[in-house]
Amino acid sequence: LSFVAIIGLIALAGIEVKAFAGTSAESNAATAAGLEKLLGFVPRAYTDVPAMLAAELPAFVDVCSPPALHAAHVTAALEAGAHVLCEKPFVYEEGRAHADLLAAARGLVGLAAACGRRLGLCSQYAVAAESCLCGLRKFRPGEALVDCAAELASPARGRGPDALATWIDLGPHLLAALQALASGGKMAAGTLRTDRAGDRLQCTFTLERPDAPPLACRLCTFRTGEGAAHVRRLVLNGVPFDLEGERGADGVYGARIVSPLGEWREEDSMRVLIRRMAAGHPPLDGDAALRNLEWLLAVAASAAGEGGE
């Protein structure tokens, strides 16, 4: 989603949009034009995040900056008294040691608790996965979820083949879906296997769950060709669910879920996520954001041949 689209969804969730921060006056002008068209007004624009926080004193901040800036911006927003929704990946900077990234992420979770503020990870696939599981249970009541496969791909848009970079970009969404499907699940020791070629990375592992059977997981991220469609697919107990976006007759963008069991339309998953976050119930809270990063980096390390989980 574009920056303008995300701000639009925040407004649709009933949150007053006061301001935004961009990288330059030029980028802010482009954002302002898009928001004028979408919302009918233009929030105040800044190029300095601390200055924006000090002037606006927001109750809610969505951190959409590049991943290397997430830790600094989340810290500033929490210390300014805001609840924070952070885009994926939670904390990441290419070339930085994984132990340092995890330490920074733990620091953010601890800071949120100390400040008494909510911290959430932004991945609409947690909400979409819940919808798919409800669909499976509707048509197959009483069936335990024991197997999950998932594929996610987006157009290359000029990016060269890099399986690890693709995984870091897209993997958090698939892991968020698993977290929604297997709440409290832990990656079973010794079960992680990875394979990569070109821009494709595949991994398998088992999630051990309290009070539920183990969940066998198979995930794959890759890039599609220029002009090709996105691939967004969850396969639950062998039943594929394809996630598609469309505008309804009312002009409101939403989600359409297609499977052999039937198809149905849902409210846009990102809009639902933002509304739940604002209401105090983020689909992925700070602890879940940390777990998402732990799994993301474990898969990346395995694929890079660095060993360990």
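Residues numbered from 1 in each chain as written. Predicted model: local features only at pLDDT ≥ 70, side-chain atom pairs only at ≥ 80, totals over all residues. Heavy atoms only, no water.

Colleague: What am I meant to see in helix α7 (residues 163-181) here?
Modeller: Because an α-helix packs 3.6 residues into every turn, residues spaced three or four apart end up facing the same way. Compared with an ideal rise of 1.5 Å per residue, which puts 19 residues at 27 Å, α7 spans 25 Å between its outermost C-alpha atoms and is within 8% of the ideal. The largest bend in α7 is about 45 degrees, located at L170, with the proline P172 one to four residues further on. The buried count for α7 comes to 15 of 19 residues, which makes it a mostly enclosed element. N-capping of α7 is provided by D162, with a side-chain oxygen placed 3.2 Å from the backbone N of L164. (Helix = DSSP H or I, 4+ residues; strand = E, 2+ residues; numbered from the N terminus. Expected span 1.5 Å × (residues − 1). Bend = angle between axes of the 7 residues up to and from the residue. Buried < 20%, exposed > 50% of the residue type's maximum accessible area, 1.4 Å probe, protein only. Polar contact = N/O pair within 3.5 Å; in protein donor to acceptor, adjacent residues only side chain to side chain.)

Colleague: Would you explain the packing of aromatic side chains in this entry?
Modeller: Two aromatic rings, taken as a pair, are described by how far apart their centres are and by the angle between their planes. According to the stated counting rule, one finds three aromatic pairs in the structure shown. Ring geometry for F3 and F20: centres 6.0 Å apart, planes at 75 degrees, overall edge-to-face. With F3 in helix α1 (residues 3-12) and F20 in strand β1 (residues 19-21), this pair connects stretches of sequence that are 17 residues apart. Residue class for F3 comes out partly exposed when judged on its relative accessible area of 28%. Ring geometry for F205 against W295: centres 6.4 Å apart, planes inclined by 50 degrees, an arrangement best described as tilted. (Phe/Tyr/Trp six-rings, centres within 6.5 Å; stacked < 30°, edge-to-face > 60°.)

Colleague: Would you mind going over the pairing of strand β8 (residues 193-197) with me for this structure?
Modeller: Remember that side chains alternate between the two faces of the sheet whenever the strand is regular. As paired strands, β8 and strand β9 (residues 200-209) are joined by five bridges and run antiparallel to one another. Note that in β9 the partner of R193 across the bridge is T204. The turn linking β8 back onto β9 is made up of two residues, and G198 within it adopts a positive phi angle of 60 degrees. (Pairing = 2+ DSSP bridges.)

Colleague: Hey, could you run me through the sheet that holds strand β5 (residues 119-122) in this one?
Modeller: Backbone hydrogen bonds hold the strands of a sheet together, and the pairing may be parallel or antiparallel. Reading across from one edge, β3-β4-β5 is the order of the three strands in this open sheet, with parallel pairing throughout. Lying at the two open borders of the sheet, with one neighbouring strand each, are β3 (60-63) and β5. Strand-to-strand twist of the sheet, defined as the mean angle between neighbouring strand axes without regard to direction, takes the value 20 degrees. As paired strands, strand β4 (residues 83-87) and β5 are joined by four bridges and run parallel to one another. When the bridges of β5 are listed, V84 appears paired with L119. (Axes fitted to C-alpha atoms, helices over the stretch in contact; angles between N-to-C directions.)

Colleague: Where do I start with the packing of α7 against helix α9 (residues 286-303) in this structure?
Modeller: Helix-helix packing: each pair is described by the crossing angle between the helix axes and the interaxial distance. It is the contact of α7 with α9, at a shortest axis distance of 9 Å, that shows an interaxial angle of 135 degrees. With respect to α9, the element α7 is oriented oblique. When the axes of α7 and α9 are compared, the crossing they make is right-handed. When α7 is examined against α9, the residues L164, W167, I168, G171, P172, L175, A176 and Q179 are found in contact with a partner set consisting of A288, R291, N292, W295, L296, V299, A300 and A303. (Parallel < 35°, antiparallel > 145°, perpendicular 65-115°, else oblique. Left-handed = near helix turned anticlockwise from the far one by under 90°. Contact = heavy atoms within 4.5 Å.)

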